[in-house]
Amino acid sequence: MSPTIRRAVIPAAGLGSRLLPLTKATPKEMLPVGDKPVIEHTVRELVDSGITDITIVVSGGKSLIQDHFRPNPALVEQLRADGKTAYADAVEEVAELARQGHITYLDQYGPYGNGTPVLNAARAFGDEPVLVLWPDDVFVAEVPRAQQLIRAYEQTGCPVLALMPMDPTHSQRYGVPIVKEDLGDGQLRITGLVEKPEPAAAPSSYAAIGGYVVTPGIIDELREQTRHWYEHKTGEVYLTDAINAYAATRAVYGQVIKGRWYDTGNPADYLVAQMAHALAHPEYGPILRGLVAGLEVDRAAALQAETNT
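In this text the structure is predicted, and so the values were computed from the model without any measurement.

1. Examining the overall build of the protein chain
Helices and strands together make up the secondary structure of the protein chain, namely ten helices and 13 strands. The C-alpha atoms of the protein chain give 21 Å as radius of gyration, which agrees with the globular expectation for 309 residues (19 Å, within 12%). Viewed in the frame of its principal axes, the protein chain has a C-alpha envelope of about 65 × 60 × 40 Å. Burial statistics for the protein chain: of 309 residues in total, 46% are counted as buried. Put simply, 75% of the contacts in the protein chain that link residues at least 6 apart link residues at least 24 apart. For the protein chain, the centre of its 27 positive side-chain charges and the centre of its 38 negative side-chain charges are spaced 3 Å apart.

2. Observations regarding the nonpolar core
One finds Leu46, Ile54, Ile56, Phe69 and Leu131 to be the most contacted residues of the largest nonpolar core, which totals 37 residues. It is helix 6 (residues 145-156) that provides the largest number of residues to this core, a total of five residues. Those residues in contact with phenylalanine 69 that sit more than four places away from it in its chain are Ile39, Glu40, Val43, Val94, Ala95, Leu97, Ala98, Ile103 and Tyr105. If you look at the next biggest cluster of nonpolar residues, it comprises 30 residues, including Ala122, Ala208, Trp229 and Ala247.

3. Thoughts on the environment of serine 171
Relative to the helices and strands, serine 171 resides in the loop between strand 8 (160-165) and strand 9 (175-184). Separated by 44 residues in the primary sequence, serine 171 and threonine 215 place their C-alpha atoms 27 Å from one another. Those residues in contact with serine 171 that lie beyond four places of it in its chain are Met166, Val176, Lys196, Pro197, Glu198, Pro199 and Ala202.

4. Structural notes on the UniProt feature "domain: Nucleotidyl transferase" (unreviewed entry) in the protein chain
UniProt tags residues 8-276 as "domain: Nucleotidyl transferase" (unreviewed entry). Split by type, residues 8-276 is 36% helix and 26% strand. Its first and last C-alpha atoms lie 27 Å apart.

5. What to know about the environment of asparagine 72
Mapped onto the fold, asparagine 72 is located in the loop between helix 2 (63-69) and helix 3 (73-81). Since its relative accessible area comes to 36%, asparagine 72 is described here as partly exposed. Taking the C-alpha atoms as reference points, asparagine 72 and alanine 95, 23 residues apart in sequence, are found 8.1 Å from one another. Looking at asparagine 72, its side chain comes within polar contact range of the main-chain nitrogen of leucine 75, at 3.0 Å.

6. Re the layout of surface pockets
Of the pockets and cavities examined, the largest pocket occupies roughly 1,600 Å³. Lining the largest pocket are 50 residues, with Arg18, Asn114, Trp134, Asp136 and Asp263 sitting closest to its centre. Secondary structure elements with two or more residues in the lining of the largest pocket: strand 1 (7-12), strand 8, strand 11 (206-214), strand 13 (260-263) and helix 9 (267-279). Broken down by element, the lining of the largest pocket gets its largest block of residues, five residues, from strand 11. Broken down by class, the residue content of the lining of the largest pocket amounts to 22 nonpolar, 15 polar and 13 charged. Computed from the structure, the second largest pocket encloses a volume of approximately 300 Å³. Elements that contribute at least two residues to the lining of the second largest pocket include exactly helix 1 (38-48) and strand 7 (137-140). It is helix 1 that provides the largest number of residues to the lining of the second largest pocket, a total of four residues. Across the lining of the second largest pocket, the residue classes break down as five nonpolar, two polar and five charged.

7. Overview of the packing of helix 7 (residues 216-232) against helix 8 (residues 239-247)
Packed helices, taken two at a time, are described by the angle between their axes plus the distance between the axes. Between helix 7 and helix 8, the shortest axis-to-axis distance is 8 Å and the interhelical angle comes to 115°. Crossing handedness for the pair helix 7 and helix 8: right-handed. Packed against helix 7, whose contacting residues are Gly217, Ile218, Glu221, Leu222 and Gln225, the element helix 8 presents Leu239, Asp241, Ala242, Ile243, Ala245 and Tyr246 at the interface. For the contact of helix 7 with helix 8, a count of residues per class yields seven nonpolar, two polar and two charged.

8. Observations regarding unusual backbone geometry
Residue proline 21 follows leucine 20 across a cis peptide bond; omega there is 5°. Tracing the backbone through its elements, the reader meets proline 21 in the loop between strand 1 and strand 2 (32-33). One non-glycine residue, aspartate 185, lies in the positive phi region at around 55°. Here aspartate 185 lies in the loop between strand 9 and strand 10 (187-195). Using a relative accessible area of 61% as the deciding quantity, one classes aspartate 185 as exposed.

Thresholds applied
- Residues numbered from 1 in each chain as written.
- Predicted model: local features only at pLDDT ≥ 70, side-chain atom pairs only at ≥ 80, totals over all residues.
- Heavy atoms only, no water.
- Helix = DSSP H or I, 4+ residues; strand = E, 2+ residues; numbered from the N terminus.
- Rg over C-alpha atoms; globule rule 2.2 N^0.38 Å.
- Buried < 20%, exposed > 50% of the residue type's maximum accessible area, 1.4 Å probe, protein only.
- Contact = heavy atoms within 4.5 Å.
- Lys, Arg positive; Asp, Glu negative; His and termini not counted.
- Charge placed at Lys NZ, Arg CZ, Asp CG, Glu CD.
- Core = buried A, V, L, I, M, F, W, Y, C linked by side-chain atoms within 4.5 Å.
- UniProt positions renumbered as here; feature names shortened; annotations may be inferred.
- Polar contact = N/O pair within 3.5 Å; in protein donor to acceptor, adjacent residues only side chain to side chain.
- 1 Å grid on protein atoms, 1.4 Å probe; cavity = no way out; pocket = protein on both sides within 12 Å on 5 of 7 lines; lining within 4 Å.
- Points joined across faces, edges and corners; volume = space filled by probe spheres on them.
- Nonpolar A, V, L, I, M, F, W, Y, C, P; charged D, E, K, R; others polar.
- Axes fitted to C-alpha atoms, helices over the stretch in contact; angles between N-to-C directions.
- Left-handed = near helix turned anticlockwise from the far one by under 90°.

Here is the structure:
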């Protein structure tokens, strides 16, 4: 049995340009989904999956992330003095979450691209595998996505990509895996990824959705990509390119994740994530359903009025 994964990287250095101007002053990772910033959902998923060493790779203007997870004894003391025990407990619980995950922060340095933060953090990995999760994804699953990926790695000892079934007409939004073999229970042997193919050219009906188990061989490919970038200073360093290069000669697996995936990286999907979370809340869900029902009644009345005129 391969060793259990204990390390994870959360790349959080992006500009959040698709959400501007909302993200002009507030990092996209700190936008709320329910009563928690989106990055906290990712951290909780990792801690719930047994991860004990989380590196968050940041850039300038991301100090709110550190502030959120940092202990704040003065605030807790004031809340308790005011009799707001539940709020004080909630603030302390976030700091305890950071302690359990042993969160450390690292400034991103190097070429643009989502492979760079992984390589920045890799010096601490040694020969260990590591989880990479993006901070703008929220998964709702009986078994956390991270735990499903760890289980797949323990079964294969190889790099693993998180996959979900997709509508073939949406293939241009995703990296689509080339499937060599279906091993059952959602586990697929893959030989590469095609980025955003036309529907007719999509090699499978699965989408890579931003969760990875990265092994030292993938890190070596990232180093090679980065070396090439410094020689030519063109393009970006992508994690998927490193996985493709690795998969050309070595085994890579995909794990179809059981659960619901919410992307918060663009306005429409962010609103969907907010609405889904609120509808599932025992207090807020009935309020929103009542609101929607009232709007439907108003809409029907307006249509009837137009018909009568």
